[in-house]
Amino acid sequence: MITTQSFTVGYWRTRGLGAPLRMMCEYANTHYISETYPTASPKWFEERKPQLQQKNPLINLPYIIDGDNVISQSNSCFEYLGRKFNLNGDTEEEQLKNNQCLNQVSDMRNAAVQLFYSSPEQFNIDKDKYCQNVLKHYDKFEKWFEVNKTNYLSSSAPKTAGGKLTRSGHSKD
């Protein structure tokens, strides 16, 4: 694993997916630089993104820069910081649980984003269906806690999936 004294977490100037990445850095008591961009910012699209594409053609927000590594894609960023800060799980079983929960949280978040960023007309059409579906996600997590008997999603301590769930505003963590 490449380590540096400081690295960069980049995201829009909203909490969104950047907040749990920054929270992980704070939890690990690690120095980092937070690069934020106004929504639809030319600074991102015309300046910084083209620079970062030279190192990573998949670049998008959020991203992490650690030395020569430029990591993009949300869950890849979570998994990278999780490895760096030992927040993916201490055992193979915890890592497996954490990974499953990280992806379940992503499913729930993606459904919310699809609704919240729709037109007002589409929002009114889809909101009741969304509310029914989000209850299914909550039910899955409740059953997950019952089966696994943990205070956090994958163990007795906070891990990456719980951080993402917490920032989504849907957590027992």
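Residues numbered from 1 in each chain as written. Predicted model: local features only at pLDDT ≥ 70, side-chain atom pairs only at ≥ 80, totals over all residues. Heavy atoms only, no water.

Draft legend 1. Structural view of the pattern of salt bridges. This model, assessed by the stated rule, comprises 5 salt bridges. For the salt bridge of Lys84 with Asp66, the shortest nitrogen-to-oxygen distance reads 3.1 Å. Of the two residues, Lys84 is situated in helix H3 (residues 74–85) and Asp66 in strand E3 (residues 63–66); the sequence distance between them amounts to 18 residues. For the pair formed by Lys84 and Asp66, the shared burial category is buried. The salt bridge partner of Lys143 is Asp139, with a shortest N-O separation of 3.0 Å. In this pair, Lys143 and Asp139 are both assigned in helix H5 (residues 120–148), 4 residues apart and thus about one turn of the helix distant. Overall, the relative accessible area of 46% leaves Lys143 in the partly exposed class. With a relative accessible area of 36%, Asp139 lands in the partly exposed category. (Salt bridge = Lys/Arg side-chain N within 4 Å of Asp/Glu carboxyl O. Helix = DSSP H or I, 4+ residues; strand = E, 2+ residues; numbered from the N terminus. Buried < 20%, exposed > 50% of the residue type's maximum accessible area, 1.4 Å probe, protein only.)

Draft legend 2. View of the side chain of Ser41. Considering the arrangement of structural elements, one finds Ser41 in the loop between strand E2 (32–37) and helix H2 (42–53). According to the relative accessible area criterion, Ser41 is buried, its value standing at 6%. Polar contacts involving the side chain of Ser41 include one to the main-chain amide nitrogen of Lys43, which spans 2.9 Å. (Polar contact = N/O pair within 3.5 Å; in protein donor to acceptor, adjacent residues only side chain to side chain.)

Draft legend 3. Looking closely at the pairing of strand E1 (residues 7–12). Of all 6 residues making up E1, 5 are buried, and the element is well covered by its neighbours. Bridging between E1 and E2 involves 6 bridges; their strand directions are parallel. Across the sheet, residue Gly10 finds its bridge partner in E2, namely Glu35. The β-α-β motif built from E1, the intervening helix H1 (residues 18–27) and the parallel element E2 has right-handed crossover chirality. Summarising the sheet, E1 and E3 pair through 3 bridges and their orientation is antiparallel. Note that in E3 the partner of Val9 across the bridge is Ile64. (Pairing = 2+ DSSP bridges. Right-handed = clockwise from strand over helix to strand, strands pointing away.)

Draft legend 4. Expanded view of the packing of aromatic side chains. The tally for this structure, following the rule as stated, stands at 5 aromatic pairs. Ring centres of Trp12 and Phe45 lie 5.8 Å apart, and the angle between their planes is 45°; this geometry places the pair in the tilted category. Of this pair, Trp12 sits in strand E1 while Phe45 sits in helix H2, and the two are 33 residues apart along the sequence. We classify Phe45 as partly exposed; its relative accessible area is 41%. Centroid distance Trp44 to Tyr63: 5.7 Å. Interplanar angle 15°. Geometry classified as stacked. Residue Trp44 is found in helix H2, and its partner Tyr63 is found in strand E3; the two are separated by 19 residues along the sequence. Among the residues examined, Tyr63 registers a relative accessible area of 0% and is labelled buried. Following the ring pairs from residue to residue traces out a cluster consisting of Tyr37, Trp44 and Tyr63. (Phe/Tyr/Trp six-rings, centres within 6.5 Å; stacked < 30°, edge-to-face > 60°.)

Draft legend 5. Representation of the nonpolar core in the model. Membership of the largest hydrophobic core comes to 38 residues, with the highest contact counts inside it found for Phe7, Tyr63, Leu81 and Leu153. Broken down by element, this core gets its largest block of residues, 6 residues, from helix H4 (residues 92–116). Excluding residues within four positions of it along the chain, Tyr63 makes contact with Thr8, Val9, Gly10, Glu35, Tyr37, Trp44, Arg48, Leu52, Ile71 and Cys77. (Core = buried A, V, L, I, M, F, W, Y, C linked by side-chain atoms within 4.5 Å. Contact = heavy atoms within 4.5 Å.)

Draft legend 6. Broad picture of the sheet that holds strand E4 (residues 69–72). Sheet architecture is open: 4 strands sit in the order E2-E1-E3-E4, paired in mixed fashion. A strand with exactly one partner marks an edge of an open sheet, and here the two such strands are E2 and E4. Pairwise comparison of adjacent strand axes, ignoring direction, gives a mean angle of 15° for this sheet. (Axes fitted to C-alpha atoms, helices over the stretch in contact; angles between N-to-C directions.)

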